[in-house]
There are 2 protein chains.
Amino acid sequence: MSDLIDELDARILNLIQEDASLSVADLAERVGLSPSPCWRRIKRLEDLGVILKRVTVLDPDRLGLGFEVYVSVKLSLPSRANLEAFEARLENWPEVVSCQTVTGHEDYMLRVMTRDMHAYDDFLRDKLLASDLVSGVESRIIMRSVRQTTAVPISLVLDKDAPKETKAAGGK
Amino acid sequence: MSDLIDELDARILNLIQEDASLSVADLAERVGLSPSPCWRRIKRLEDLGVILKRVTVLDPDRLGLGFEVYVSVKLSLPSRANLEAFEARLENWPEVVSCQTVTGHEDYMLRVMTRDMHAYDDFLRDKLLASDLVSGVESRIIMRSVRQTTAVPISLVLDKDAPKETKAAGGK
DNA sequence: TCTGAAATAAGGTTCCC
DNA sequence: GGGAACCTTATTTCAGA
C-alpha cells in the first residue's frame, strides 16, 4: 500500500479521473464521507501534485479529425543536436498529439491526428519527411480503438509489496 | 472552415481543452464575449457531442507508475474469434491504458503503465504472453515525453477547403 | 434571432465543533 | 471526520438590439 494515498483517496481519484464535473457532495456520498473531509482530501492531492489539472475531452470524430496514426520515427543520425532540431520542428506540427523518445530500433514514437489519409500524406511529405533529419518512418494507422483512457490505473498503486523503503525488507 | 464550429467556438474549445476549471466568466472575458452567450456556446458544443466530458489528469510519476511502454502485439492467428478473445482478456489488465487495432505487420498497439521494469516483466509473462494467442511482441520503453496532450488540434478543423460537401467544388 | 444584464440556484470553500 | 455558514460560480430568465 502506498504511503501517499489510502483506500479512500484511491476511490476519490478513480471517480474524478473519469468525471471531473462530479460535485464534492456527490463524491462524498459515493465514497461514504461528508463533503468537508472529501474536499480536504482533494485539496491535499492537488497540493501533492498527484492531481495535475482538469481538462475537457473533445470528440475528434465529431471535429472531423478521426484519422489517427502511430508513427515510429528513426533519425538519420540521433545526435544530441539532431534530437533537439527534430523536437524544435515538432513545435510547428499541431497534428502531433503525442511524442516520446523510446528504446529500440526507432528514436521516437508519435501519435498523429489528421482529417483523413490525404491530410496525413501531406503531413508526412511537408513536415515529417521534409528535412533530412529523418531516415525512416513507419505508419500504423489506427483502425479501431479498443480502449482509450486518460485515467491512470490507481489499483496498481495500492498493490502489496511495492519496492519502497521497507527498512527490514521481506521478500520481494 | 467547419460548418460545425466557428472561430469563437474554436477559441473556447482550445481554452477548456487545457483547463476545464476555468469559469464561464473567465472564458467569456478571454474570448471577448459576455458570460451568457459563452455559456450557451459551451452548452451547444456539449449537446452536439463535440464536448465529451471533463476529466481529472493525474501524475503517473507521483503515483509511482512512471514506467510506460508502447507495445506492438501480433496475434498468432488474427481471426475474428482470436481478436475477440484477446480483447476480452484485456478487460482484466489494468496496466493497459490504451489499445487499438492498427494497420501494418502487427495487430495491436498498446500503451502500458507499470511501476517499473520488473512490474512490466510480470505483465508480459503473466498476462500478455500467458496465452498462445500472441505470437509476437515488441516493447518500446518510453524514455522521455516530448509532448503529451489530451487536446485535439482544433486549428486543423478550421482550415480552408475541407473535403466537405461543397455542392459546386472549387479546386482542392 | 442573438446578445447582455440581472435574478436564482447550486456548488465550492472555510470555519468551528 | 462532520456540520453549517459563506461566498463564488453556474444556470435561467428576461429585456433589448
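Note that the coordinates shown come from a computational prediction; the quantities given were computed from them, not determined experimentally.

Q: Got a minute to help me understand the domain arrangement of chain A in this structure?
A: Taken domain by domain, chain A consists of domain 1 (1–57) and domain 2 (67–141). Spacing between the C-alpha centres of domain 1 of chain A and domain 2 of chain A amounts to 37 Å.

Q: I tried to follow the protein's contact with DNA strand C on my own but got confused; where do I start?
A: Taken together, L22, S23, V24, S36, W39 and R40 of chain A together with S34, S36, P37 and R40 of chain B form the complete shell of residues around DNA strand C. Taken together, the sugar and phosphate atoms account for 52% of what DNA strand C places within 4 Å of the protein. Here a phosphate oxygen of DNA strand C sits 2.9 Å away from a polar atom, N or O, in the side chain of W39 of chain A. Within the contact set of DNA strand C, a base nitrogen lies 3.4 Å away from a side-chain nitrogen or oxygen of R40 of chain B. Elements that contribute at least two residues to the surface near DNA strand C include exactly α3 (35–48) of chain A together with α3 (35–48) of chain B. Partitioning the surface near DNA strand C into residue classes produces four nonpolar, four polar and two charged.

Q: Help me understand the pattern of salt bridges, please; the structure alone is not making it clear to me.
A: Between side chains of opposite charge, pairing is possible as soon as their charged atoms come close. Residue and element names in this part refer to chain A. Here the structure, examined in full by the defined rule, presents 24 salt bridges over all chains. A salt bridge links D47 to K43, with the nearest nitrogen and oxygen atoms 3.2 Å apart. Here the residue D47 and the residue K43 both occupy positions in helix α3, the gap between them amounting to four residues, near one helical turn. The class for D47 is exposed, based on a relative accessible area of 57%.

Q: It is not clear to me how helix α1 (residues 7–18) of chain B should be interpreted in this structure. Could you clarify?
A: Note: α-helices contain 3.6 residues per turn, so residues at a spacing of three or four share the same orientation. Between its terminal C-alpha atoms α1 of chain B stretches 17 Å, which fits the 16 Å expected from 12 residues at 1.5 Å a residue. Buried within α1 of chain B are the following residues: D9, A10, I12, L13, I16 and Q17 of chain B. Along the axis of α1 of chain B, the buried positions cluster into a sector of 165°, meaning they face one direction only. Buried residues belonging to α1 of chain B abut β1 (51–58) of chain A together with α2 (24–31), α3 and β1 (51–58) of chain B. N-cap assignment for α1 of chain B: the residue whose side-chain oxygen lies 3.1 Å from the backbone N of L8 of chain B is D6 of chain B.

Q: Can you help me understand the relation of the copies chain B and chain A in this one?
A: Each of the two chain copies can be generated from the other by rotation about an axis followed by a shift along it. Rotating chain B by 180° and translating it 0.0 Å along the rotation axis places it on chain A, where the RMSD comes to 0.0 Å. When the rotation and shift are considered jointly, the pair of chain copies conforms to a two-fold rotation axis. Judged by C-alpha distance, V55 of chain B is the residue of chain B that lies nearest the rotation axis, at 2.8 Å. The fraction of interface residues of chain B whose copies in chain A are also interface residues reaches 100%, indicating that both copies meet through the same surface.

Calculation rules
- Note on numbering: residues in each chain are counted from 1, in written sequence order.
- Think of it this way: whatever chain is written first is A, whatever ligand is written first is 1, and the rest follow in order.
- It should be noted that, the model being predicted, local features are given only for residues of pLDDT at least 70 and side-chain atom pairs only at 80 or more, the latter also being counted only at that level, while totals for whole chains, interfaces and linings use all residues.
- Water and hydrogen atoms were dropped before computing side-chain values, which therefore reflect all heavy atoms in the structure.
- As used throughout, domain bounds are those supplied by an automatic or database domain assignment.
- A single heavy atom is enough: if one lies within 4 Å of a molecule or strand, its residue is considered near that molecule or strand.
- Under the rule applied, a polar contact is a pair of N or O atoms within 3.5 Å (in protein, one hydrogen donor and one hydrogen acceptor; residues adjacent in sequence only if both atoms are side-chain atoms).
- Per the convention used, a helix needs a DSSP run of H or I reaching at least four residues, while a strand needs a run of E reaching at least two, with both numbered from the N terminus.
- Each residue is assigned to one class: nonpolar for Ala, Val, Leu, Ile, Met, Phe, Trp, Tyr, Cys and Pro, charged for Asp, Glu, Lys and Arg, and polar for all the others, Gly among them.
- Put simply, a salt bridge is a Lys or Arg side-chain nitrogen that is within 4 Å of an Asp or Glu carboxyl oxygen.
- Only protein chains enter the accessibility calculation, which uses a 1.4 Å probe; a residue is then buried when its area is under 20% of its type maximum, exposed when over 50%, and partly exposed in between.
- One less than the number of residues in a helix, times 1.5 Å, gives the span that helix is expected to have.
- Throughout, the arc means the angular range of directions from the helix axis out to the C-beta atoms.
- Contacts between residues were defined by any pair of non-hydrogen atoms, one from each residue, lying within 4.5 Å.
- The atoms used to superpose the copies are C-alpha atoms, taken from residues with pLDDT of at least 70 in both, and the fit is least squares.

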